[in-house]
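Chain and residue survey
The lines below spell out each chain.
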Amino acid sequence: MMARKRRSTTEINTAENASVPKRRYTSAQRTPLEEMMVFNHKKCLSWYHKYTNGSGELGPEGMEKFCMDIGVDPEDLVMLVLAWKMNAKSMGYFSSAEWSKGLTELQCDSVRKLQSKLESLRLYFNDPLAFKSIYRYAYDFARDKDQRSMDIETAKLMLNLLLGKQWKLYPLFAKFIDQSKYRVINKDQWCNILEFSRSITTDLANYDIDGAWPVMLDEFVDWIKNSNS
């Protein structure tokens, strides 16, 4: 008789592993921590359709319900960051493609997961480059799409939300706008207001009258100086 060939340890381990069925985890079998770490695109879209009422688009009524579910006021700036993440085109509306883009990036497919990301979304306001991107995005997001410029009331609302707490001259700027001839703000003016708020001191000592600021800001500086004289 031929001697039986002794199997190597590697062969034995391979055979034993092959005989053990691999465990497949269903969502019901995952731990809460594992479930939080797994993103399900189908679940994400199902969550979206909860707010559309069969219309195919998440509109103002659905937005109100969405904000209520995640525990956020509709005027909370974190909603602007979320819209920025989605690259949403219109205030008060999210398309399924916008929803999918933003929440896939955030890996959120449930209320609980998004709530866990809200504080990290607010941190974008502490990043100068991210804030500048959000600020510029806000102009096209908030303006009436039938108009090239933003109406002054919408502009005041958005400027108050974005700059009201960090720009010390904003209260004066709001008063200036109220008594001015301006009824709309164009995008160049909008972008320069941010740069002005970041670079010009509250006493206006470093303001250069020959600088390349829009006429609106030249008039604002003159208005302050005349008010103080």
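Our structure is the block above this text.
Residues numbered from 1 in each chain as written. Predicted model: local features only at pLDDT ≥ 70, side-chain atom pairs only at ≥ 80, totals over all residues. Heavy atoms only, no water.

**Quick look at the pattern of salt bridges**
- Tallied over the entire structure, the rule returns 13 salt bridges.
- In this structure, Glu-119 engages Arg-122 in a salt bridge whose closest nitrogen and oxygen atoms are separated by 2.9 Å. Residue Glu-119 and its partner Arg-122 are both found in helix α8 (residues 118–122); the two are separated by 3 residues, about one turn of the helix.
- Between Asp-178 and Lys-156 there is a salt bridge, with its nearest N and O atoms 2.4 Å apart. Remark: Lys-156 occurs in helix α10 (residues 152–163) and Asp-178 occurs in helix α11 (residues 170–179); sequence separation between them is 22 residues.
- Overlapping salt bridges bring together Lys-50, Lys-65 and Asp-69 as one network. (Salt bridge = Lys/Arg side-chain N within 4 Å of Asp/Glu carboxyl O. Helix = DSSP H or I, 4+ residues; strand = E, 2+ residues; numbered from the N terminus.)

**A few points about helix α5 (residues 77–86)**
- Counting buried positions along α5 gives 9 out of 10 residues, so the element sits mostly inside the fold.
- Here α5 has its buried residues at Val-78, Met-79, Leu-80, Val-81, Leu-82, Ala-83, Trp-84, Lys-85 and Met-86.
- In this structure, the buried residues of α5 make contact with α4 (60–70), α6 (96–106), α7 (111–115), α8, α9 (128–142) and α10.
- For α5, the N-terminal capping position is held by Asp-76, with its side-chain oxygen 2.9 Å away from the main-chain nitrogen of Val-78.
- Downstream of α5 by a residue or two, Asn-87 has a phi angle that is positive, lying close to 55°. (Buried < 20%, exposed > 50% of the residue type's maximum accessible area, 1.4 Å probe, protein only. Contact = heavy atoms within 4.5 Å. Polar contact = N/O pair within 3.5 Å; in protein donor to acceptor, adjacent residues only side chain to side chain.)

**Topic: the side chain of Thr-52**
- Tracing the backbone through its elements, the reader meets Thr-52 in the loop between α3 (41–49) and α4.
- Residues within four places of Thr-52 in sequence aside, it is in contact with Glu-57 and Leu-58.

**Structural notes on the nonpolar core**
- The biggest cluster of nonpolar side chains holds 67 residues, and the ones touching the most others in it are Phe-66, Trp-99, Phe-173, Trp-190 and Phe-196.
- Broken down by element, the residue count for this core peaks at 9 residues, all from α9.
- Contact partners of Trp-190, with chain neighbours within four places excluded, come to Tyr-135, Arg-136, Ala-138, Tyr-139, Met-150, Ala-155, Met-158, Leu-159, Leu-162 and Ile-185. (Core = buried A, V, L, I, M, F, W, Y, C linked by side-chain atoms within 4.5 Å.)

**Some words on the packing of aromatic side chains**
- For the structure on display, the rule yields 25 aromatic pairs.
- Between Tyr-51 and Phe-66, the aromatic rings sit 5.5 Å apart at their centres with planes inclined by 70°, giving edge-to-face as the arrangement. With Tyr-51 in the loop between α3 and α4 and Phe-66 in helix α4, this pair connects stretches of sequence that are 15 residues apart.
- Tyr-51 gets classed as buried once you look at its relative accessible area, which sits at 3%.
- Both rings, one in Tyr-139 and one in Trp-190, keep their centres 5.8 Å apart while their planes meet at 50°; by these two values the pair is tilted. Residue Tyr-139 is found in helix α9, and its partner Trp-190 is found in helix α12 (residues 187–199); the two are separated by 51 residues along the sequence. (Phe/Tyr/Trp six-rings, centres within 6.5 Å; stacked < 30°, edge-to-face > 60°.)

**Quick look at the packing of α5 against α6**
- Where α5 meets α6, the closest approach of the two axes is 7 Å, and the angle between their N-to-C directions is 100°. The pairing of α5 with α6 is recorded here as roughly perpendicular in orientation. Counting all contacts with α5, which are made through Leu-82, Lys-85 and Met-86, the residues of α6 involved are Glu-98, Trp-99, Lys-101, Gly-102, Leu-103, Glu-105 and Leu-106.
- Classifying every residue of the contact of α5 with α6 by side-chain character gives 5 nonpolar, 1 polar and 4 charged. (Axes fitted to C-alpha atoms, helices over the stretch in contact; angles between N-to-C directions. Parallel < 35°, antiparallel > 145°, perpendicular 65-115°, else oblique. Nonpolar A, V, L, I, M, F, W, Y, C, P; charged D, E, K, R; others polar.)

So yeah, pure geometry; function would need other evidence.
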